[in-house]
Amino acid sequence: MNNNAKIREKTIIRTSIIGIAANILLVVFKALVGFAVNSIAVILDAVNNLTDAVSSIVTIIGTKLANKAPTKKHPFGYGRLEYMSQLIVASLILYAGISSIIESVKKIIDPESADYNTVSLIVISAAVFVKLILGLYVRNKGKQVSSGTLEASGTDALFDAVISVSVLASAAVYLIFGLSLEAYVGVIISLFIIKSGLEIIKDAVDDMLGLRETKELTHSVRKCIAEEKDIHGIYDLIIHDYGPDKHLASVHIEIDDTLTARQIDIISRNIQERVYENTGVILTAVGIYSRNTVNDEAAEIRSNIHKLVHSHDGILQFHGFYFDPEKKRISFDIIIDFAEDRQALYQHILKDVSEKYPGYEIRITLDSDVSD
């Protein structure tokens, strides 16, 4: 594990321990108040804090497992286990939400009045303050170390502060007007809990399926590659996510067709080292597009095909062009917008180019729009 990974792990664990301690204290005080004043809303709020404490424990376990060293069976490491821990956290939150809404509905059907006192209101008010500070702290730490689980926990804590405010509001309504809204507030709290769980599931599933990388990261990688003087173009950058801050990538570069294998090897090694040093991304493969430099006819053909391809709507990029006069072969790649019927448009372009250059073998590679 490198130094950055160690710092990240320590930050997540330290933040989670703080969250566990704060939530356990809130569980104890809210449970005591809830049972003392017979408030279902306060009791459910305590249950919500308990799930938060358990979520922090899961976060610690998930982080430790995710940082295990790679093995023969899992050569890319265990980083994606963090996304699995998010799913576990979400399941706990959903369970708490569903259980809470069932109990709240029971109280609506068979109501019981609460009996608030000054001490109970002070405890709930203090809980609002604690949850607000804790939520901001945890969420900011999550963003700082790119931990989706910490960010989710922090956002959940901020929701808890809002929920506790609603409990205070229902207590005020009861004390002033004698109207009990306990069970109904319990339903609202339960819905917030369920919503939070579903959002965490969505984020975890998105990460496991593979999201489009951020512009910041892809632009940083491209900038590092572009610093090499002999590169004319950078294409097909694909970054694979194997857990937070664990990225492997591949890319195609366009260079002159007169460069030797030795020169190409130096270029590849230079950009691999620069990309890793500046972004932490491991560039595992560098593909080559050779650029025609000794055939004047190639430039004219490239220009004609470029215009023809871009005359169609939905074309995002044309690259990797190469003309081989000896084998009478024309090769290039295109990227078509996902909103289009990609196969139909691909076939249409292949037909147009083949008709314009009969007698030539036309090879078109259909690439995907995977990075900015």
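Scroll up to find the structure this text is about.
Sequence positions are assigned chain by chain, starting from 1 and proceeding in written order. Totals for whole chains, interfaces and linings use every residue, but because this is a predicted model, local features are given only for residues with pLDDT of at least 70 and side-chain atom pairs only at 80 or more, for both listing and counting. Computation of side-chain values: all heavy atoms of the structure, hydrogens and water removed.

Participant: Can you explain the packing of helix α7 (residues 215–226) against helix α8 (residues 261–279)? Please cite residues and give values.
Facilitator: Across the interface, α7 lies against α8 with an axial gap of 9 Å and an inter-helix angle of 140 degrees. As summarised for this structure, α7 and α8 are arranged oblique, according to the angle between their axes. The interaxial crossing formed by α7 with α8 has right-handed handedness. Across from Leu217, Ser220, Val221, Cys224 and Ile225 in α7, the residues of α8 making contact are Ile271, Arg274, Val275, Asn278 and Thr279. Only the contacting stretch of a helix is used when fitting its axis, a line to C-alpha atoms as for every element, and angles between N-to-C directions run 0 to 180 degrees. Each helix is a run of H or I in the DSSP string that is no shorter than four residues. Each strand is a run of E no shorter than two, and both are numbered from the N terminus. Our angle categories are set so that under 35 degrees counts as roughly parallel, over 145 as roughly antiparallel, 65 to 115 as roughly perpendicular, and the remainder as oblique. Left-handed describes a crossing whose near helix is turned anticlockwise from the far helix by less than a right angle; the clockwise case is right-handed. Contacts are assigned to residue pairs with any non-hydrogen atoms lying within 4.5 Å of each other.

Participant: Summarise the layout of surface pockets; cite the residues concerned and give the values.
Facilitator: Here a cavity denotes a set of grid points, spaced 1 Å apart and computed over the protein atoms alone, in which a 1.4 Å probe fits but from which it cannot get out, and a pocket denotes an open set meeting protein on both sides within 12 Å along at least five of seven lines; residues with an atom within 4 Å of a point are reported as lining. Grid points are joined across faces, edges and corners, and a volume is the space filled by probe spheres set on the points. Estimates place the volume of the second largest pocket at around 770 Å³. What lines the second largest pocket is a set of 28 residues, and nearest its centre among them are Ser146, Gly148, Glu151, Asp207 and Leu211. The leading source of residues in the lining of the second largest pocket is helix α6 (residues 182–209), at 6 residues. In this classification, the charged set is Asp, Glu, Lys and Arg, the nonpolar set is Ala, Val, Leu, Ile, Met, Phe, Trp, Tyr, Cys and Pro, and all remaining amino acids, among them Gly, are polar. Across the lining of the second largest pocket, the residue classes break down as 6 nonpolar, 9 polar and 13 charged.

Participant: Requested: an account of the sheet that holds strand β2 (residues 247–256), with residues and values cited.
Facilitator: Note: two strands are recorded as paired if DSSP finds a minimum of 2 bridges between them. Taken in spatial order, the 3 strands line up as β1-β2-β3 in an open sheet, and their pairing is mixed. Each having just a single partner strand, β1 (233–241) and β3 (282–291) make up the two edges of the open sheet. Shown here is a sheet whose adjacent strand axes are inclined to one another by a mean of 15 degrees, direction ignored. Two elements, β1 and β2, share 7 bridges in a ladder whose sense is antiparallel. By the bridge assignment, Asp241 is partnered in β2 with His247. Strands β1, β2 and β3 of the sheet are contacted by α7, whose axis makes an angle of about 135 degrees with β1.

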